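Per-entry structural report
Now for the letters of each chain:
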Amino acid sequence: MAGFVLWQKWLLIVGLIITVFGVMLALFSQTTLFAFFNQQINPIFWGTIDLPASAQAFQQWIYGVLGAVMAGWGIFTTFIVHYPFKRKERWAWTCLASGVLAWFVIDTFISLSFKVYFNVAFNAVLLIGIMLPLVFS
């Protein structure tokens, strides 16, 4: 039982981290908080770290949308982990596992297709952070 509680709390923390990261990405993607992130992405699509104003505006919009989706995903994860997963309802485990696997396969395939290896690495870390507790629970 203690092992399950550890993994449930782990998933709860991951859900909260995803939520906070999503909000931060949506609101602060063009600030120094995301400078490292942008330095990994910008050269792949624009050939430079410094973007023209039009590309910067598009990037701010698309990161805003992505951040909102991530925040929503994190909130769903947090609630599922806190209530039905904690009660060991089978559907909650299946929902989390299938949702994460669908996200990982699609997102990673697209990232590999565009050679955005930074995102592939980010996805792998997130996959491990979520699937590890699911496997052990």
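Coordinates for the structure precede this section.
Residues numbered from 1 in each chain as written. Predicted model: local features only at pLDDT ≥ 70, side-chain atom pairs only at ≥ 80, totals over all residues. Heavy atoms only, no water.

**Re the side chain of Ser111**
Inclusion rule: Under the DSSP-based scheme used, a helix requires at least four consecutive residues in state H or I and a strand at least two consecutive residues in state E, with every element numbered from the N terminus. Think of it in three bands: with a 1.4 Å probe and only protein chains considered, a residue is buried below 20% of the maximum accessible area for its type, exposed above 50%, and partly exposed in between. Should any heavy atoms of two residues lie within 4.5 Å, those residues are counted as being in contact.
By secondary structure assignment, the location of Ser111 is in helix α4 (residues 90-113). A relative accessible area of 7% means that Ser111 is categorised as buried. In contact with Ser111, not counting residues within four places along its chain, are Val116, Asn119, Val120 and Asn123.

**Some thoughts on the nonpolar core**
Definition in use: Definition used in this section: a nonpolar core is a set of buried Ala, Val, Leu, Ile, Met, Phe, Trp, Tyr and Cys residues joined via side-chain atoms within 4.5 Å.
Grouped together as the largest cluster of nonpolar side chains are 19 residues, with contacts concentrated most on Phe85, Ile130 and Leu134. Looking at this core element by element, the count peaks at six residues for α4. Each residue touching Phe85, except ones within four places of it in the same chain, is listed here: Phe4, Gln8, Leu11, Ile80, Ala92, Trp93, Leu96, Leu134 and Ser137.

**Some details on the pattern of salt bridges**
Spelled out, the test is: Salt bridge criterion: a side-chain nitrogen from Lys or Arg within 4 Å of a carboxyl oxygen from Asp or Glu.
The tally for this structure, following the rule as stated, stands at one salt bridge. Its salt-bridge partner being Arg87, residue Glu89 comes within 2.8 Å of it at the nearest N-O pair. Of the residues examined, Glu89 reaches a relative accessible area of 28% and is grouped as partly exposed. Since its relative accessible area comes to 52%, Arg87 is described here as exposed.

**Topic: the packing of helix α2 (residues 35-46) against helix α3 (residues 53-85)**
Packed helix pairs are specified by the crossing angle of their axes together with the interaxial distance, meaning the distance between the axes. To be explicit about the condition: Throughout, an axis means a line fitted to C-alpha atoms (over the contacting stretch in the case of helices), and angles, computed between N-to-C directions, take values from 0 to 180 degrees. For classification purposes, an angle smaller than 35 degrees is called roughly parallel, one larger than 145 roughly antiparallel, one from 65 to 115 roughly perpendicular, and anything else oblique. Take the far helix as the reference: if the near one is turned anticlockwise from it by less than a right angle, the crossing is left-handed, and if turned clockwise, right-handed.
Interaxial distance between α2 and α3 falls to 13 Å at its minimum, and their mutual angle equals 120°. As judged from the angle between their axes, α2 and α3 are oblique. For α2 against α3, the interelement crossing comes out right-handed. Taken together, the residues of α3 that come into contact with α2 (itself represented by Phe37, Asn38, Ile41, Asn42 and Trp46) are Ala55, Gln59 and Tyr63.

**Things to note about the packing of aromatic side chains**
When we look at a pair of aromatic rings, we describe it by the centre distance and by the angle of the planes. Here is the rule: Aromatic pairing here means that ring centres of Phe, Tyr or Trp (its six-membered ring) are within 6.5 Å. Orientation follows from the plane angle: under 30 degrees is stacked, over 60 is edge-to-face, and everything else is tilted.
Applying the stated criterion to the full structure yields 15 aromatic pairs. Taking the centre distance of 5.4 Å and the plane angle of 15° together, the rings of Trp7 and Phe136 count as stacked. Taken together, the residues span a long stretch of sequence, with Trp7 in helix α1 (residues 2-28) and Phe136 in helix α5 (residues 117-136) at a distance of 129 residues. Trp7 gets classed as buried once you look at its relative accessible area, which sits at 14%. Measuring from centroid to centroid gives 5.8 Å for Phe58 and Trp61, while their planes differ by 45°, and the two rings are tilted. In this pair, Phe58 and Trp61 both sit in helix α3, three residues apart, roughly one turn of the helix. Taken together, the ring pairs in this structure connect Phe21, Phe34, Phe36, Phe37, Tyr63, Phe118 and Phe122 into an aromatic cluster.

**Side note on the environment of Val100**
Residue position: Val100 is located in helix α4. With a relative accessible area of 3%, Val100 lands in the buried category. Remark: the alpha-carbon pair of Val100 and Ile130, spanning 30 residues in sequence, is separated by 7.8 Å. In this view, Val100 contacts Trp73, Leu127, Ile130 and Met131; residues no more than four positions away in its chain are not counted.

**Some remarks on the environment of Leu33**
Relative to the helices and strands, Leu33 resides in the loop between α1 and α2. Residues contacting Leu33, with those up to four places away along its chain left out, are Met24 and Phe28.

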